[in-house]
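# Structure assessment
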Amino acid sequence: MKHIRYAAFSSLLLVHAAIASVSVKDDRGQEITLAKPAQRIISLAPHATEDLFAIGAGKLVVAAVNYSDYPPEANKIERIGGYNGFDLERIRALKPDLIVAWQSGNPAKQLAQIETLGLPVFYTFSKKLEDVPRVMERLGVLTAKEGEAQAAANKYRSSLAALEKKYAGRKPVRVFYQVWDRPLMTINREQITTDAMRLCGGVNVFADLPALVPTIDDEAVLAANPDVIITSGEPGKKDNGLNRWKRWPNLKANKHLYILPKDLLSRMGPRLVDGTEKLCEAIDKAR
């Protein structure tokens, strides 16, 4: 009888362990397994912070990087660094059970150092608009927030589908997306913003450049002669980085220079669909 009770108890423990553990693949295709859903998370990218709040896991974030400023509650979270590097000792001291990293935006050397600490790291790198809700769903599994994650993902997909339908079949417009003006920088086809252009009927004139964020010069833009030039920033600023293009009256985009709301299009989080809508509106004006 004791043996039977012990066997039954052992079976219950095994069942409990199976239920407690969670496992997903990240954007590298690597399996990330946690013994139980994450309770202490460090976010190494602003878009990852937005993802976690969107799925109801914001209170689990114990630290984040600079510019993790949305939603407003995120401003109260401790900072452990930024794009140029992290405070590895502070990360260790916070004892996170999950780190959410940005594969193309975080320093590779420091990410490797974090992994040597034995901390589980979930890498994000969305290249397509449809990748964004998948990240939220997988983070939902890792945080036991599957229901809220699914709701957030469904809302995103519904809004995206509406935009796809609205802008399908429209006349192509050639776009130069200006990331920065000093030095002059843009994006190639591997960036998710290029996929947003595609949805809007936009064509990235520098899609074929090899670097993710290529540095170019004025002459390259003039030679490409885009129909519209778009950047992200603070509308109304005296020098918004687009004034330089007004010097060339023969440039097609000379009268089609648009500034999109800051962060909406540059972050691979739930608000990206709102940024895509703004991008489509700007492209449609040039169209």
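Rules and cut-offs
Residues numbered from 1 in each chain as written. Predicted model: local features only at pLDDT ≥ 70, side-chain atom pairs only at ≥ 80, totals over all residues. Heavy atoms only, no water. Helix = DSSP H or I, 4+ residues; strand = E, 2+ residues; numbered from the N terminus. Buried < 20%, exposed > 50% of the residue type's maximum accessible area, 1.4 Å probe, protein only. Contact = heavy atoms within 4.5 Å. Disulfide = S-S within 2.5 Å. 1 Å grid on protein atoms, 1.4 Å probe; cavity = no way out; pocket = protein on both sides within 12 Å on 5 of 7 lines; lining within 4 Å. Points joined across faces, edges and corners; volume = space filled by probe spheres on them. Nonpolar A, V, L, I, M, F, W, Y, C, P; charged D, E, K, R; others polar. Domains from an automatic or database assignment. Expected span 1.5 Å × (residues − 1). Arc of directions from axis to C-beta.

Among the structural elements, Asp26 can be located in the loop between strand E1 (22-25) and strand E2 (31-34). We classify Asp26 as buried; its relative accessible area is 3%. Those residues in contact with Asp26, other than ones at most four positions away along the chain, are Ile32, Val121, Phe122, Tyr123 and Arg138.

What follows deals with the state of the cysteines. Applying the stated criterion to the full structure yields 1 disulfide. Here Cys200 pairs with Cys280 through a disulfide, and the sulfurs are 2.1 Å apart. In this structure the cystine formed by Cys200 and Cys280 twists about its S-S bond by roughly -80°; its chirality is therefore left-handed. Taken together, the residues Cys200 in helix H7 (residues 192-200) and Cys280 in helix H9 (residues 272-286) connect sequence positions 80 residues apart. Residues Cys200 and Cys280 agree in their burial class; the two are buried.

This brings us to the layout of surface pockets. The volume enclosed by the largest pocket comes to roughly 1,300 Å³. Together, 35 residues line the largest pocket, and Val179, Trp180, Ser232, Asp263 and Ser266 are the ones closest to its centre. Elements that contribute at least two residues to the lining of the largest pocket include exactly helix H2 (46-54), strand E9 (173-178), strand E10 (180-181), H7 and strand E13 (228-233). The dominant element in the lining of the largest pocket, judged by the number of residues it contributes, is E13, at 3 residues. Of the residues that constitute the lining of the largest pocket, the class distribution is 15 nonpolar, 12 polar and 8 charged. Counted as a void, the second largest pocket has a volume near 260 Å³. Those elements that place two or more of their residues in the lining of the second largest pocket are H2, helix H6 (146-167) and H9. Per element, the largest residue contribution to the lining of the second largest pocket is 4 residues, and it comes from H6. Among the residues forming the lining of the second largest pocket, the class breakdown is 8 nonpolar, 1 polar and 4 charged. For the lining of the second largest pocket, the domains that each give at least three residues are domain 1 (22-159) and domain 2 (169-285).

Compared with an ideal rise of 1.5 Å per residue, which puts 22 residues at 32 Å, H6 spans 31 Å between its outermost C-alpha atoms and is within 8% of the ideal. Taken as a whole, H6 has its buried residues at Ala149, Ala152, Ala153, Tyr156, Leu160, Leu163 and Tyr167. Angular distribution of buried residues about the axis of H6 spans 95°; they occupy a single face of the element. Residues Gly147, Lys155 and Lys165 are exposed on H6 and point more than 90 degrees away from its buried face. A positive backbone phi angle near 80° is found at Gly169, which sits one or two residues after H6.

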